[in-house]
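Coordinate inspection notes
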Amino acid sequence: MTDTIDNIGKDFIRQIIIADNASGKHDGNVVTRFPPEPNGYLHIGHVMSICLNFGIAEEFNGRCYLRFDDTNPVKEDQDFVDSIMADVHWLGFDWEDRLTHAADYFEDLYSCAVKLIEDGKAYVDSLSAGQIREYRGTLTEPGKDSPHRDRSVEENLDLFRRMRAGEFDDGAYVLRARIDMAAPNMNLRDPALYRIRKINHQQTGNAWSIYPMYDFAHTVSDALEGITHSLCTLEFEDHRPLYEWILDNLDLPNRPRQIEFSRLNVAYGITSKRKLAALIEGGFVSGWDDPRMPTVAGMRRRGYTPQSIRNFVRNAGVTKKDKLIEMGALENCVREDLNQIAPRAMAVLNPLKVVFLNHPQGEMEMLPAMNHPNNPELGVREIPFGREIFIERDDFMEDPPRKFFRLRPGGEVRLRYAYIIKCVDVIKNDAGEILEVHCTYDPDTKSGRPGADRKVKGTIHWVSADESVTVEVRLFDRMFTLANPDANHEGKTVADFLNPDSLNVVSEARVEPALVGMEPGTHVQFERLGYFLIDTKDSQPGQPVFNRVVTLRDSWAKIEKAQLAEI
RNA sequence: UGGGGCGUAGCCAAGUGGUAAGGCAUCGGGUUUUGAUCCCGUGUACCGCAGGUUCGAAUCCUGCCGCCCCAGCCA
């Protein structure tokens, strides 16, 4: 593992770890943590961090903590901690006994703050939030010292103790690090360490009336847990000097190293918690687990698998370059996984009735169909075939373009696992709409018999008109009309970029009867249509609701588009 | 106009001074009772630009350009 050859092709973070292990920096220990704030649901961006932190711990025989960064009780909630734990487990990672909270360290944090005060490295400020902002200066002008910056250690200690005791109102005082008001890095202009918040905390109740700020709590928590490599996203790069300053000025048992990587963004999606919440509040989606949401809960409900999401993240890589990855890359991983495991079945989304004029009335037969053409172990099922069936409206065209090899007047097509049929008549209403299609079927071409070997251009899917069951199917499309709705578009809100067709509910789809007994949460491929999941929330016994996870790749759609472009 | 970071093909990404891997997408072709799967093949990437060092530069140096982040008592 210390061989330099092993570095080749590894991402820069793993290379650093390999080098650290080689030099004996942490005695070969690798300890990481995933530190979410419980103020929202996990999304695809978090998955990157989860896979990195837990994945690295696994690979290097290390440990990974799940630590809730719960330092701001006004925004945090137990529902969020529950959902985060469920999501991390679902993704396939295990923190074992390493579930912690920043709140576990509140007492230690307090002691650390006292030490900083005693050393003259921190002071209690009485400036208001607005005044502090004014004193901070701007990006190009230095700030100026607070008039309270030189309070005596005794006075600071007394004030800080009374802040804890709840003697003051919110905002009356704040504990600040004493660093440099002229620092070019804004994070070093005497950043706040503690603020007063007289509010119940979901872990500590009313035990505290002051809460530590992120930079302070996070750094000390990392050190106390023995974190060796503290991995975070790029926006915290500017905070690293403060992270180092805190480590330099406290006697902590361990010195972690912060390393930053770029976030993962998926085109046509968002990862801003505020915007995600706005979608819910605006009623544009049904909740955090709406199948269109880029949350882990949404992807699970939609039918994405943990394996496919993990593969996607692995393919994306770890770098410091801004990423905006095409949706197709994610969908491809989903297809790749589902292709292996999903049994096949037939369903018709937009039914068109076909009547076989040469089929005896009232007779019905059962035809065997493979549950997976490339994997015979998945077995065979029987599907009913009779005088009347439904086919997809799109699979019949009166006046088709070239290269269309499905059903047309006078033309032949093969019915999957059944017979070759021929269209002999088209029945329309007065408005010219097609009501049904009359065909003949060729009994000699029954699937599996020698007569079935005849070459026919197309094969289409179908269901029995009498024996199929009507179900609801939900089709999803991208949530937004812009590839990067997360970017700043001045004056616009997410509502301005919503795709009005992101949800298409098909209430009268027809499926094989065998599907009705399947459990919610089961994946299935509807042949030629896509992969579907039986919805875990809205399905009722005997009344499944199907979510389309992703379509199959569709080369006909490309040909059709190209032909349209020629016109 | 302060500080920090990033620029290798449409999207990701390897490359760590010796002459540009790989994946996805695209476009061809083969197999196929899913226009799926599977299998083959397919890219002159002025390595952001311009100079310099070197026998040799995507890799080192200088200057420039473009994009991202930072002025919460949020994380």
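Residues numbered from 1 in each chain as written. Chains lettered and ligands numbered in written order. Predicted model: local features only at pLDDT ≥ 70, side-chain atom pairs only at ≥ 80, totals over all residues. Heavy atoms only, no water.

1. Comments concerning the domain arrangement of chain A
Going by this rule: Segmentation of the chain into domains, including their bounds, is taken from an automatic or database domain assignment. By the convention used here, residues are in contact when the closest approach between their heavy atoms is within 4.5 Å. Buried area: the accessible surface (1.4 Å probe) lost by two parts on joining, summed over both. We count a salt bridge whenever a side-chain nitrogen from Lys or Arg sits within 4 Å of a carboxyl oxygen from Asp or Glu. Polar contacts, as used here, are pairs of N or O atoms within 3.5 Å; protein pairs need one atom able to donate a hydrogen and one able to accept it. Residues neighboring in sequence count only if both atoms are side-chain atoms.
Assigned domains within chain A: domain 1 (5-261), domain 2 (273-343 + 471-566) and domain 3 (347-461). For domain 1 and domain 2, the distance between their C-alpha centres works out to 35 Å. The interface of domain 1 with domain 2 comprises 27 residues on the first partner and 22 residues on the second. Both sides of the domain 1 and domain 2 interface together cover about 2,100 Å² of buried area, and 73% of this is carbon and sulfur. Together, Y41, I44 and W90 form the three largest contributors to the area buried by domain 1 at its contact with domain 2, with a combined 33%. Inspection of the domain 1/domain 2 interface yields three salt bridges. A salt bridge links K320 to E237, with the shortest nitrogen-to-oxygen separation between them at 2.5 Å. At the boundary of domain 1 with domain 2, the tally comes to six residue pairs in polar contact (both at pLDDT 80 or more).

2. Some points on the packing of helix α2 (residues 44-59) against helix α11 (residues 306-316)
Put simply, the rule reads: Note on geometry: axes are C-alpha line fits, over the in-contact stretch for helices, and angles between N-to-C directions span 0 to 180 degrees. In this description a helix means any DSSP run of H or I spanning at least four residues, a strand means any run of E spanning at least two, and both kinds are numbered starting from the N terminus. Convention used here: angles under 35 degrees read as roughly parallel, angles over 145 as roughly antiparallel, angles from 65 to 115 as roughly perpendicular, and any remaining angle as oblique. Ten residues, namely Ala, Val, Leu, Ile, Met, Phe, Trp, Tyr, Cys and Pro, are considered nonpolar, four, namely Asp, Glu, Lys and Arg, are considered charged, and the remaining ones, Gly among them, are considered polar.
Closest axis-to-axis distance for the α2/α11 pair is 10 Å, and the angle between their directions is 80°. With respect to their mutual orientation, α2 and α11 come out roughly perpendicular. Residues I44, V47, M48 and C51 of α2 form the contact with α11, whose participating residues are I309, R310, F312 and V313. Split into classes, the residues belonging to the contact of α2 with α11 amount to seven nonpolar, no polar and one charged.

3. Quick look at the pattern of salt bridges
Applied cut-off: Categorising residues by exposure relies on relative accessible area from a 1.4 Å probe, with only protein chains included: less than 20% of the type maximum marks a residue as buried, more than 50% marks it as exposed, and the intermediate range marks it as partly exposed.
Per the counting criterion, the structure on display carries 44 salt bridges. E96 serves as the salt-bridge partner of R98, at 3.0 Å between the closest nitrogen and oxygen. Between R149 and D145 there is a salt bridge, with the nearest N and O atoms lying 3.8 Å from each other. Residue classification places D145 among the partly exposed residues on the basis of a relative accessible area of 42%. In this structure, a network of salt bridges that share partners links the residues D289, R301, E472, R474, D535, K537 and D538.

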